[in-house]
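# Results of the structural survey
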Amino acid sequence: MIKGFKEFILRGNVIDLAVAVVIGAAFTAVVNSIVSSIINPLIEIFWKPAENGMVGIPVQGFYGEVVFPVGDLLNAVIAFFAVALVVYFVFVHPMNLMKQRAAAKAGLDKEPQESQLPTEQEILVQIRDLLQQQQSGTSPKP
């Protein structure tokens, strides 16, 4: 049981995922800090914060003014795209390049060459011939 757990943990996927989660969490804090110290003040140039500190579009409601928090939405969208961009260029893209290089070193092509595979028509002709041979009772040709 411990041997199986050890093999599971030492797989590349599990370790890569753990590293990505840790780095992603740390980078999220950096992005949130940048957005709150740079982007939010830029947004406040165009929208005045409400009494409760929310930046957004004020709308007069039945019981007073309501603020739609555009600042929070922009903060979340910018943070998401920044984290996704960094995770892609730091983890996903280099890992794909490494896998391609490893496959090239091993002499393995990801996709078989077109000339090696039969076409759909050739496969259908073979199936038709086999069905005709089965119906006539003769043995199939090798």
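Everything below is about the structure printed above this text.
This section reports on the structure supplied with the text. (Residues numbered from 1 in each chain as written. Predicted model: local features only at pLDDT ≥ 70, side-chain atom pairs only at ≥ 80, totals over all residues. Heavy atoms only, no water.)

### Brief notes about the overall build of the chain
Regarding its fold elements, the chain presents 4 helices and 2 strands. When the helices and strands of the chain are read in sequence order from the N terminus, they spell out α-α-β-β-α-α. For the chain, the proportion of its 142 residues judged to be buried stands at 11%. Of the roughly 12000 Å² that the chain leaves accessible, carbon and sulfur atoms contribute 67%. (Helix = DSSP H or I, 4+ residues; strand = E, 2+ residues; numbered from the N terminus. Buried < 20%, exposed > 50% of the residue type's maximum accessible area, 1.4 Å probe, protein only. Areas by Shrake-Rupley, 256 points an atom, 1.4 Å probe, with all protein chains shown as cover.)

### So, helix 4 (residues 120-136)
The end-to-end C-alpha distance of helix 4 is 24 Å, a good match for the 24 Å that 17 residues give at a rise of 1.5 Å each. Positive phi appears at G137, one or two residues downstream of helix 4, with a value of about 85°. (Expected span 1.5 Å × (residues − 1).)

### What to know about the pattern of salt bridges
Think of it this way: side chains of opposite charge can pair up when their charged atoms draw near. Per the stated rule, a full pass over the model turns up 1 salt bridge. With its nearest N and O atoms 3.2 Å apart, the salt bridge here joins D129 to R128. Taking relative accessible area as the criterion, D129 reaches 30% and is therefore assigned partly exposed. Exposure remark for R128: the relative accessible area of 45% places this residue in the partly exposed category. (Salt bridge = Lys/Arg side-chain N within 4 Å of Asp/Glu carboxyl O.)

### Remarks on the pairing of strand 2 (residues 64-68)
In this structure, strand 1 (residues 57-61) lies alongside strand 2, joined through 5 bridges in antiparallel fashion. Directly across from Q60, in strand 2, lies its bridge partner E65. In this structure, the hairpin formed by strand 1 and strand 2 is closed by a connection of 2 residues. (Pairing = 2+ DSSP bridges.)

### What to know about the environment of F80
Within the fold, F80 resides in helix 3 (residues 70-106). F80 sits 49 residues away from V31 along the chain, and the two C-alpha atoms are 8.8 Å apart.

### So, helix 3
Between its terminal C-alpha atoms helix 3 stretches 52 Å, which fits the 54 Å expected from 37 residues at 1.5 Å a residue. Along helix 3, the helix axis deviates most sharply at Y88, where the bend reaches about 40°. Regarding helix 3, the residues found buried are V70, G71, N75, A79, V83 and A103. At the exit of helix 3 stands G107, carrying a positive phi of roughly 80°. (Bend = angle between axes of the 7 residues up to and from the residue.)

### Describing a nonpolar patch on the surface
Taken together, the side chains of V30, I34, I38, L42, I45 and F46 present a nonpolar region at the surface, about 620 Å² in accessible area. By the secondary structure assignment, I38 is in helix 2 (residues 12-46). The partly exposed category is assigned to I38, whose relative accessible area is 46%. (Patch = residues over 30% accessible without salt bridge, like charges linked within 9 Å, V, L, I, M, F, W, Y side chains within 5 Å.)

### Some words on the packing of aromatic side chains
Counted according to the given criterion, the structure contains 2 aromatic pairs. Ring plane angle 80° and centroid distance 5.0 Å describe the contact between Y88 and F89, whose orientation is recorded as edge-to-face. (Phe/Tyr/Trp six-rings, centres within 6.5 Å; stacked < 30°, edge-to-face > 60°.)

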